[in-house]
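Report on the structure
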Amino acid sequence: MPEEKLERISEAEIAVHWHEEEHYPPPAGFIGQANLTDAGIYRRFSPENFPDCFKEYADLLDWDRYWEQTLDTSNPPFWNWFVGGRLNACHNCLDRHLPRHNNKTALHFVPEPEGERIQHITYRELFVRVNEFAALLRDFAGLKRGDRVTLHMPMVAELPVTMLACARLGVIHSQVFSGFSGKSVADRVVDSESRVLITMDAYHRSGKLLDHKEKADLAVAEAQKQGQQIDKVLIWQRYAERYSSETPLQPGRDFRVNELLPKYRGRRVEPESMAAEEPLFLMYTSGTTGKPKGCQHSTGGYLAYVTGTAKYIQDLQPEDVYWCMADIGWITGHSYIVYGPLALAASAVVYEGLPTYPDAGRPWRIAAELDVNIFHTSPTAIRALRRAGPDEPAKYDYHFKHMTTVGEPIEPEVWKWYYRVVGKQEAVVVDTWWQTETGGVLSSTLPALGAMKPGSTGPAVPGVYPVIYDDAGDEIPAGSGKAGNICIRNPIPGNFQTIWKDPERYVAQYYTRYCRDRNSKDWRDWPYLTGDGAVLAEDGYYRILGRIDDVINVAGHRLGTKEIESAALTVNEVAEAAVVPVADEIKGKIPDLYVTLKPGFEKSLDLVKRIEAAVVAEIGPIARPKTVQIVPDLPKTRSGKIMRRVLAALSSDQDVGDVSTLANPEIVEAIRRMRGA
Ligand code: PRX
């Protein structure tokens with residue numbers, strides 16, 4: 001990435017106007033049973049004990065060959081963890097559990113249609129399926145160690161089966177979120193040079209059986225245009241015995257997995273013994289500009305880190321039923337549905353569909369049915385459930401001991417609903433801040449040890465040492481009320497190793513901003529730039545303001561968009577809020593606010609005035625929105641993220657660009673008409 005671009009995304013001294021929230025102690029019932037109740041962990045993982053402290057995580061794994069050196073920093077910023085060690089991720093998630101957990105449920109697959117039976121897949125069954133599919137990948141598709149393969153699979157049990165089969169062979173998987181288009185798949189196929197695409201014929205979403213195979217045809221055609229040939233498309237069947245897509249199969253290229261599998265019945269495949277630094281998978285993520293970056297994650301460092309954090313932060317224990325509602329197509333699903341939980345021999349839920357289908361009671365029915373006691377989701381999903389069914393959780397007899405929020409800053413009002421209504425005040429809540437790049441959690445309270453604080457993620461997790469820098473590279477101290485660019489001082493085992501085929505961009509984007517000496521071999525000179533703005537309170541808790549480029553600069557005062565949105569959400573009728581910058585002659589930029597309402601409320605001038613007043617009251621007149629638009633829905637991606645870029649274009653009367661990949665493209669025109677009215 002060019003230098004001047006870096007300068008532009010870098011912001012600091014962001015004005016912060018946020019009330020300090022109270023602390024909530026973890027419930028005594030949770031503490032009584034927790035994996036981790038010894039505050040000595042912070043001492044064990046203190047900077048003096050770095051990097052050897054991470055032996056504690058590595059020792060949660062089985063190594064074919066034990067490692068010799070904890071961390072090799074000789075080629076900054078390309079760090080290598082557990083050097084000399086060899087292991088296999090699939091062995092660690094399956095084989096090693098068989099002696100004690102053969103008959104334990106590894107995955108509960110919950111189909112979206114409520115009439116369809118839940119599948120309870122034991123560790124033995126998963127082991128058998130993974131081995132058979134690994135044999136097929138090796139002997140039929142010709143895949144071998146180091147090859148890349150693109151997956152475009154929905155939320156079904158066959159997705160972890162496929163990932164683990166790849167891991168068994170040392171094949172690098174690159175799973176693309178199923179909601180993405182054929183074109184997005186093609187871009188990732190081309191970048192990773194995949195010759196095999198693994199997909200599914202169809203899946204259920206929001207009450208419909210979607211034809212998914214058609215996207216594979218588009219992906220293959222587009223990849224071909226870009227010069228990458230797909231030799232084989234392997235298609236799992238949503239219903240094993242029949243093909244459920246309208247899209248024809250192309251002879252010689254398309255193969256139905258369920259038809260081929262009987263040939264591999266009973267086959268076993270030896271797990272490849274991988275060097276700790278050999279890649280386990282690629283996960284593409286969007287940056288501020290340019291094409292998606294293939295974040296390359298290692299086998300040893302990554303697996304050790306997600307296993308350690310799943311144990312201590314998620315508090316996974318043998319009898320728990322754990323449900324992370326994220327999609328496995330994102331990093332959260334990779335780390336905290338598949339690899340972390342299975343490495344700990346946990347029982348994890350994989351839910352196919354939309355959380356609010358057929359109604360907002362669905363997650364709570366699933367929780368009651370399966371006795372889920374650990375729940376993990378995002379603020380976006382929490383807001384959607386709160387909006388559609390604020391009183392639903394109370395109707396169902398489930399009890400969570402632990403809940404997670406991840407992915408974006410959570411507004412304190414929304415946090416309180418999650419804690420009180422979803423958690424019934426019985427569950428501890430952790431707000432885990434991290435990124436695709438970091439593989440696992442960077443900051444969170446330790447669930448039995450730290451008090452919760454709505455809207456704040458908490459202190460860094462053990463072994464992670466953050467620092468907040470201003471634009472000049474000076475450290476912003478705790479309690480100053482100022483925000484800046486949050487960086488991580490030290491290498492961590494979960495962090496990605498590089499951007500696939502683009503090491504220069506990796507260095508430029510993440511390490512040059514605050515690098516003290518580019519010739520230095522000392523990791524202390526190479527802080528990792530997360531790209532987030534953050535503020536550190538007196539009590540040592542971080543509050544993440546969001547991406548640095550999500551900041552609105554009003555008359556030289558930089559306002560976090562989340563702060564304004566949180567202020568709007570203090571008005572009882574408001575369900576969701578999104579704020580975007582709009583140009584203003586005098587002040588540079590001012591916020592423009594879009595909100596949706598909870599069911600049963602109507603828009604009115606009085607309400608607009610009250611929302612505006614709430615923003616002014618919470619933050620100050622500087623944050624007064626240009627307009628408050630009460631709209632029926634906000635433009636969202638298929639994964640539920642609000643598309644502020646589209647709203648910003650509407651606010652500025654600009655071209656919204658291609659909105660066809662949104663979950664609700666029709667809302668864009670509707671909002672434009674409302675604005676014009
Ligand atoms: O801005 C931060 C926000 O999400 C970004 C990372 O997004 P992604 O790579 O898609 O990974 C999401 C799942 C880990 C971060 O740079 N973010 C993530 N978690 C939080 C958060 N912001 C505030 N609080 C969080 N808990």
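Residues numbered from 1 in each chain as written. Predicted model: local features only at pLDDT ≥ 70, side-chain atom pairs only at ≥ 80, totals over all residues. Heavy atoms only, no water.

Helix and strand counts for the protein come out as 21 helices and 30 strands. Since a compact globule built from 677 residues should have a radius of gyration of about 26 Å, the 24 Å found for the protein is in line with a globular shape. Counting only C-alpha atoms and orienting by the principal axes, one finds that the protein spans roughly 70 × 60 × 55 Å. Residue burial in the protein is summarised as follows: out of 677 residues, 63% are buried. Taking the contacts inside the protein whose residues are at least 6 apart along the sequence as the reference set, 72% of them involve residues at least 24 apart. Summed over all atoms, the accessible surface of the protein reaches about 24800 Å², with 49% contributed by carbon and sulfur. Charged side chains of the protein number 78 positive and 91 negative; the gap between the two group centres comes to 3 Å. (Helix = DSSP H or I, 4+ residues; strand = E, 2+ residues; numbered from the N terminus. Rg over C-alpha atoms; globule rule 2.2 N^0.38 Å. Buried < 20%, exposed > 50% of the residue type's maximum accessible area, 1.4 Å probe, protein only. Contact = heavy atoms within 4.5 Å. Areas by Shrake-Rupley, 256 points an atom, 1.4 Å probe, with all protein chains shown as cover. Lys, Arg positive; Asp, Glu negative; His and termini not counted. Charge placed at Lys NZ, Arg CZ, Asp CG, Glu CD.)

Below, the discussion takes up the sheet that holds strand β21 (residues 466–469). Reading across the sheet, the four strands line up as β21-β22-β24-β25 and stay open at both edges, with antiparallel pairing between neighbours. This sheet does not close on itself; its edge strands, each paired only once, are β21 and β25 (542–547). Averaged over all adjacent pairs, the angle separating strand axes in this sheet is 45°, with direction ignored. Of the strand pairs in this sheet, strand β24 (residues 528–536) and β25 are connected by five bridges, and their pairing is antiparallel. Of the residues in β25, the one forming a bridge with Gly533 is Gly546. (Pairing = 2+ DSSP bridges. Axes fitted to C-alpha atoms, helices over the stretch in contact; angles between N-to-C directions.)

In this section: the environment of Pro409. Here Pro409 is to be found in the loop between β19 (402–406) and α16 (412–422). Taking the C-alpha atoms as reference points, Pro409 and Thr432, separated by 23 residues in sequence, lie 9.6 Å from one another. Other than its neighbours up to four places away in sequence, Pro409 contacts Pro379, Arg383, Ile544, Leu545, Gly546 and Lys562.

What follows deals with the confidence of the model for the protein. Close reading of the predicted structure is inappropriate where its pLDDT is low. Confidence in the prediction for the protein averages 92 pLDDT; 94% of positions are at 70 or higher. Note on residues 1–15: pLDDT under 50 across the span, and 48 contacts to partners over four residues away in sequence or across chains. (pLDDT = per-residue confidence, 0-100.)

Further remarks concern the packing of helix α18 (residues 561–568) against helix α19 (residues 605–618). Packed helix pairs are characterised by how far apart their axes lie and by the angle those axes make with each other. Where α18 contacts α19, the axes come no closer than 8 Å and their chain directions differ by 125°. The orientation of α18 relative to α19 falls into the category oblique. Helix-helix and strand crossings are classified by hand; for α18 and α19 the assignment is right-handed. Along the contact surface, α18 presents Ile564, Ala567 and Ala568, while α19 presents Ile611, Ala614, Val615 and Glu618. Each residue belonging to the contact of α18 with α19 can be placed in one class, and the counts come to six nonpolar, no polar and one charged. (Parallel < 35°, antiparallel > 145°, perpendicular 65-115°, else oblique. Left-handed = near helix turned anticlockwise from the far one by under 90°. Nonpolar A, V, L, I, M, F, W, Y, C, P; charged D, E, K, R; others polar.)

Assignment of secondary structure puts Glu612 in helix α19. Residues Glu612 and Tyr339 lie 273 residues apart in sequence; the distance between their C-alpha atoms is 45 Å. Not counting residues within four places of it along the chain, the set of residues in contact with Glu612 comprises Arg624, Pro625 and Val628.

Here we take up the site of the ligand. Residues in contact with the ligand amount to 14 residues; listed here are only the nearest, Asp431, Thr432, Gln435, Thr436 and Asp532. At a separation of 2.8 Å, a nitrogen atom of the ligand approaches a polar backbone atom of Thr432. Contacts to the ligand include Thr436, whose side-chain N or O atom sits 2.6 Å from an oxygen atom. Across the complex, the protein chains shield 88% of the 540 Å² of accessible surface that the ligand would expose by itself. Grouping the constituent residues of the shell around the ligand by class yields five nonpolar, five polar and four charged. (Near = heavy atom within 4 Å. Polar contact = N/O pair within 3.5 Å; in protein donor to acceptor, adjacent residues only side chain to side chain.)

Our focus in this paragraph is the pairing of strand β14 (residues 279–285). Among the seven residues of β14, seven are classified as buried, and the element is accordingly described as predominantly covered. Direction of pairing for strand β7 (residues 172–175) relative to β14: parallel, over a ladder of two bridges. Of the residues in β14, the one forming a bridge with His173 is Phe281. Across six bridges, β14 lies against strand β15 (residues 293–298) in antiparallel orientation. Counterpart to Phe281 in the pairing with β15 is His297.

Here the focus is the packing of helix α7 (residues 123–139) against helix α8 (residues 158–169). At a minimum axis distance of 8 Å, the contact between α7 and α8 shows a crossing angle of 60°. Between α7 and α8, the crossing angle belongs to the class labelled oblique. For the crossing formed where α7 meets α8, the hand is right-handed. The residues of α8 that touch α7, namely those facing Leu126, Phe127, Arg129, Val130, Asn131, Phe133, Ala134, Leu137 and Arg138, are Glu158, Val161, Thr162, Leu164, Ala165, Cys166, Arg168 and Leu169.

On to the nonpolar core, then. By size, the foremost hydrophobic cluster in this structure holds 123 residues, and its most contacted members are Phe54, Leu126, Phe133, Ile198 and Tyr339. For this core, the leading source of residues is α7, giving ten residues. The contact partners of Phe54, leaving out residues within four places of it in the chain, are Phe45, Trp81, Phe82, Tyr305, Pro462, Gly463, Ile492 and Pro493. Val372, Tyr398, Ile552 and Ile611 belong to the second largest nonpolar core, which has 57 residues in total. (Core = buried A, V, L, I, M, F, W, Y, C linked by side-chain atoms within 4.5 Å.)

Another aspect to go through is the packing of aromatic side chains. Under the criterion given, the structure shown has 42 aromatic pairs. Ring geometry for Phe177 and Phe180: centres 5.6 Å apart, planes at 85°, overall edge-to-face. We classify Phe180 as partly exposed; its relative accessible area is 26%. Of note, Arg238 hangs over the ring of Tyr239, and the distance from its end group to the ring centre comes to 4.7 Å. We note Lys424 situated over the ring of Tyr398; from NZ or CZ to the ring centre the distance is 3.8 Å. (Phe/Tyr/Trp six-rings, centres within 6.5 Å; stacked < 30°, edge-to-face > 60°. Lys NZ or Arg CZ within 6 Å of the ring centre and 35° of its normal.)

Scanning all chains against the criterion turns up 49 salt bridges. Across the salt bridge formed by Arg267 and Asp139, the nearest N and O atoms sit 2.3 Å from each other. One end of the pair, Arg267, is in the loop between α11 (257–260) and β13 (274–275); the other, Asp139, is in helix α7, and 128 residues separate them in sequence. Arg267 gets classed as partly exposed once you look at its relative accessible area, which sits at 30%. Put simply, Glu612 and Arg624 hold a salt bridge, and the shortest N to O gap is 2.9 Å. In this pair, Glu612 is assigned in helix α19 and Arg624 in the loop between α19 and β30 (628–630), connecting sequence segments twelve residues apart. Take Glu612: its relative accessible area is 23%, and that puts it in the partly exposed class. Overall, Arg624 belongs to the partly exposed group, its relative accessible area being 40%. Through salt bridges with shared partners, a single network forms among Glu114, Asp359, Arg362 and Arg365. (Salt bridge = Lys/Arg side-chain N within 4 Å of Asp/Glu carboxyl O.)

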